[in-house]
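What follows is each chain in one-letter form.
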Amino acid sequence: MLFTGRRLSDVYQVAQEVNRSPEAQAVLPGQVFAQVREAMLQGQSAYGALSLLVLFLAALLIWQGIYAQGLERRRHNALLRALGAPRGLVFSVLLWETTLEVGLGILLGVLLGWGLAAAGSGALGERLGFYLPPPQLSLDLLARAFALLPLGILAALPPAFQAMRESPLEYL
């Protein structure tokens, strides 16, 4: 007998149902495997592009947050300078604070994203009717995520230079 489906997942559902019975065995031709491989590669490249878009949006949010934080800290920086803190100390405090915040944000984002993906793969696998393996934390993914750290530090440079050059009397 020959079974076909409207979607590629239908083929696997029919094969799983047929293979549940010991009286029959479903065999998938090589062409179906080639289609599955092509669909998986397309999905993988789409997820790669989507992850880059999400990281770009995250980089924009990091930049905006760091810039807004620099504007809000003007009074605090002026107070530090008025109390005798050298310009270099104000500059380094802002950079270290930004590095810590961005690093923790990246770490929490990766861990929460991995947890949500693991939960989602289980729920999606149950809904589609076949097993989806839990997501893997690859070095490529971690490298993409931690590439935001230098971008965060780079975004902190203009407010740090501005805080270093401003007169403390201006914001007290």
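How each quantity is defined
Residues numbered from 1 in each chain as written. Predicted model: local features only at pLDDT ≥ 70, side-chain atom pairs only at ≥ 80, totals over all residues. Heavy atoms only, no water. pLDDT = per-residue confidence, 0-100. Helix = DSSP H or I, 4+ residues; strand = E, 2+ residues; numbered from the N terminus. Axes fitted to C-alpha atoms, helices over the stretch in contact; angles between N-to-C directions. Parallel < 35°, antiparallel > 145°, perpendicular 65-115°, else oblique. Contact = heavy atoms within 4.5 Å. Nonpolar A, V, L, I, M, F, W, Y, C, P; charged D, E, K, R; others polar. Phe/Tyr/Trp six-rings, centres within 6.5 Å; stacked < 30°, edge-to-face > 60°. Buried < 20%, exposed > 50% of the residue type's maximum accessible area, 1.4 Å probe, protein only. Core = buried A, V, L, I, M, F, W, Y, C linked by side-chain atoms within 4.5 Å. Expected span 1.5 Å × (residues − 1). Bend = angle between axes of the 7 residues up to and from the residue.

A few words on the confidence of the model for the protein. With 88% of its residues at a pLDDT of at least 70, the protein reaches an overall mean of 81. Element-level pLDDT for the protein is lowest in helix 1 (residues 8–20), with a mean of 74, against a maximum mean of 86 in helix 3 (residues 74–82).

Two elements in contact, helix 5 (residues 139–146) and helix 6 (residues 148–165), have axes whose closest approach is 5 Å; the angle formed by their N-to-C orientations is 5°. By the angle class used here, helix 5 and helix 6 are roughly parallel. Where helix 5 approaches helix 6, its residues Arg-144, Ala-145 and Phe-146 are matched on the opposing element by Leu-148, Leu-149 and Pro-150. Tallied by class, residues from the contact of helix 5 with helix 6 come to five nonpolar, no polar and one charged.

As a further point, take the packing of aromatic side chains. Given two aromatic rings, one states the distance between the centres and the angle between the planes to describe the pair. One pass over the structure, following the stated rule, counts two aromatic pairs. Summarising the aromatic geometry, the rings of Trp-63 and Tyr-67 are spaced 5.6 Å apart at their centres and angled 10° between planes, so their arrangement reads as stacked. On the criterion of helical spacing, the pair formed by Trp-63 and Tyr-67 is a turn pair, its members being four residues apart in helix 2 (residues 30–72). For Trp-63, a relative accessible area of 45% gives the class partly exposed.

The next thing to look at is the nonpolar core. Residues Ile-66, Phe-91 and Ile-106 are the most contacted members of the largest nonpolar core, which totals 17 residues. Within the residue set of this core, elements represented by two or more residues are helix 2, helix 4 (87–128) and helix 6. Of the residues forming this core, the biggest block, seven residues, is contributed by helix 4.

A word on the side chain of Thr-98. Along the polypeptide, Thr-98 turns up in helix 4. Look past the residues within four positions of Thr-98 in its chain and what remains in contact with it is Ile-66, Gly-152 and Ala-156.

On to helix 6. Between its terminal C-alpha atoms helix 6 stretches 27 Å, which fits the 26 Å expected from 18 residues at 1.5 Å a residue. Considering bend angle alone, the principal kink of helix 6 is centred on Leu-157 and spans about 30°; proline Pro-158 follows within four residues of it. Every buried residue of helix 6 is listed here: Leu-148, Gly-152, Ala-155, Ala-156, Pro-159, Ala-160, Ala-163 and Met-164.

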